[in-house]
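A closer look at the structure
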Amino acid sequence: MRTDVLRLDLRLRRRMLTATGLAAGAYLLLVVAAYPAFKHDSGLDAMVAANPAAAAAFGINGSITSTAGWLDANMYANVAPLLALLLSIGYGATAIAGQNADGTLGLLASLPLSRTAALAQKMAALLLVSAVVPGASLLASLAGPHFGLTPDWANLLGVSLTLTLLAFDLGAVALLVGAITDVRGAALGGASAVAGAAYLLNALAPVVDAVRSIRWLSPFSWAIGSDTLAAGVEPSGLVALTALGVALGLATFAALRRLDIH
Amino acid sequence: MREAPVVVERLTKTFAGRRALSDVSFQVDAGQILGFLGPNGAGKSTTIRCLLGLYRPSSGRARVLGHDPAAGDASFLAGVGYLPGELRLPASLTGGEVLSRFAGIRRLRDTTYREELVERLGAELDRPVQTLSKGNKQKLGIILAFMHRPQLLVLDEPTSGLDPLLQDEFATLLRESAAAGRTVLLSSHDLDEVQRLVQRLVVIRGGCIVVDDTVERLRADAPRTVDLTFDHEVDTRLLATVPGVTITAATNGHVRLTHTGPAAPLLEVITPLAPDTITSRPADLEDLFIQLYAARDQGAPDAH
């Protein structure tokens, strides 16, 4: 498979990807290093139990002093998706609509490379972009045992995978909106709105009756659900995230064929 | 007989209900340098983008190197070198990175000609594109268009930002390409450049082709300017009756007129007027284009 476009796009975002990856890793290292100070703090669990709605808004459910609860509450339920989506939605909005607006897509499209082939490489680049934060976080969590924090590695790997797919899917929403509207702002705004709604739907479901029954609609519930680090990733979630990504990719292929490239 | 490298038939392109191109038809024959001219917004870039498959035509069709650019198969672009009118290169890459990455996508293995072009144009390869002047970016664009020795060159305002010396070097490059049998579609505002380089001209205005002819024939039909001076009063009304004559200025002792067609009927009228001096300027395409361009707002649809 040719990778020229993939490598070019990653090269153009090299600094942002490196900085965000390092920031995510450094942040998780701090979270891990702080764990010994909180792991026996029953007051923290009592505080969460007393404010379930407020805690739910930050994606926190159940005990946060357990190994899985600590990582969930401080990274995987909120900060990690936020950083991963920042990169993936940012890239998704730039890869078609942004590059068409700044004129670089036109030069690329005048080369002997079909739109299908170019998009396939951009989708592959999106997958790699989506894996930066989960990958860096996974690497940083390897330091956990030194601080008395030993997660279930299989579950952590599973969550890293589903988080990557979640970021990919929402980045693909930006790619699709960009290919349909040819407006970077619409791609960025549309995908961010979908991400925000999906996050709230998943986070508030445990405490808000009105949304509990439709929680399954949120890709966040497929990826990080509730207590995923402790209980493991549901295969159905993995399948749903993959299927959504494929569907969005196919729709983007169709939209890109019709796009006027300047 | 082999199909011409570029064949455009009744090409129409509409953007949100606005017609940018209307039944545009022309062709570029093999080995020919065709000048594609028109005022701003006439539809030059829109036509070029349709030829490269960047825009899908609303109706009509184009054939480029035997392929339909709208079919989605980009393989024909291996034989095309394109320089866009508004060149935008990835800003954070150096000139060298731009050339090597685009050469990589083209699978260009032999870089000898690319290196020769870098040398001839004095391209700056070590600095990021964002720090380069317009002229230095344009040099990179020219190298990107020429480096794979394409069968067809599509050049939109190629000398924009280049100094006169580099414009000459570019003209030499173009003549070498034509001598090697390559076909060139040259879109330009620079009439001097076009008159020096091209064999045929297509002029587009308001999305419609208004002229498609050889430079030789256009020059023959273009208006000649004649200046007459007199040391006595004359009645210029007789001059205006000659077919093909338009009096553009008439002041005391001086008459300027433009004239198309045979000279004899005009001379028959001038001789009895006994002018002091007669000066005739050779036909200039510029006059013809000014007339064509001046009419651009008359019912012309907008183009991208």
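Please refer to the structure higher up on the page.
Residues numbered from 1 in each chain as written. Chains lettered and ligands numbered in written order. Predicted model: local features only at pLDDT ≥ 70, side-chain atom pairs only at ≥ 80, totals over all residues.

1. Looking at the interface of chain A and chain B
Selection criterion: It is the C-beta atoms, placed from the backbone, that decide contacts: two residues are in contact if theirs lie within 7 Å. Counting from the N terminus, the helices are the DSSP runs of H or I reaching at least four residues and the strands are the DSSP runs of E reaching at least two. Polar here means any residue outside two lists: the nonpolar Ala, Val, Leu, Ile, Met, Phe, Trp, Tyr, Cys and Pro, and the charged Asp, Glu, Lys and Arg; Gly therefore counts as polar.
Each partner contributes residues to the interface: chain A has 19 residues there, and chain B has 21 residues. The set of elements that each furnish at least two residues to the side of chain A that touches chain B consists of helix 1 (4–12), helix 7 (104–109) and helix 14 (235–258) of chain A. Counting residues per element, the side of chain A that touches chain B draws most heavily on helix 7 of chain A, which supplies four residues. Among the residues forming the side of chain A that touches chain B, the class breakdown is eight nonpolar, five polar and six charged.

2. Notes on the sheet that holds strand 9 (residues 208–214) of chain B
Residue and element names in this part refer to chain B. To be explicit about the condition: Paired strands, as defined in this entry, are two strands with at least two bridges between them according to DSSP. Note on geometry: axes are C-alpha line fits, over the in-contact stretch for helices, and angles between N-to-C directions span 0 to 180 degrees.
One open sheet accounts for six strands, arranged 5-6-7-3-8-9; its pairing is mixed. Edge positions in the sheet fall to strand 5 (80–83) and strand 9, since each of these pairs with one other strand and no more. With strand direction ignored, the average angle separating the axes of adjacent strands in the sheet is 15°. Sheet analysis places strand 8 (residues 200–205) next to strand 9, joined by six bridges and oriented antiparallel. Across the sheet, residue R205 finds its bridge partner in strand 9, namely C208. Along the sheet, helix 1 (residues 44–51) contacts strand 3 (33–37), strand 6 (152–156), strand 7 (183–187) and strand 8; its crossing angle with strand 6, the most-contacted strand, is approximately 150°. Against the sheet, helix 4 (residues 134–146) makes contact with strand 5 and strand 6, and its axis sits at roughly 165° relative to strand 5, the strand it touches most.

3. Things to note about the sheet that holds strand 1 (residues 6–15) of chain B
Residues and elements named next belong to chain B. Across the sheet, which stays open at both edges, the three strands sit in the order 2-1-4 with antiparallel pairing between neighbours. Only two strands of the sheet have a single partner each, and these edge strands are strand 2 (18–28) and strand 4 (59–64). Averaged over all pairs of adjacent strands, the angle between strand axes in this sheet comes to 25°, irrespective of strand direction. Inspection of the sheet shows strand 1 paired to strand 2 by seven bridges, in the antiparallel sense. Counterpart to V8 in the pairing with strand 2 is F26. Relative to strand 1, helix 1 is tilted by about 115°, and along the sheet it contacts strand 1, strand 2 and strand 4.

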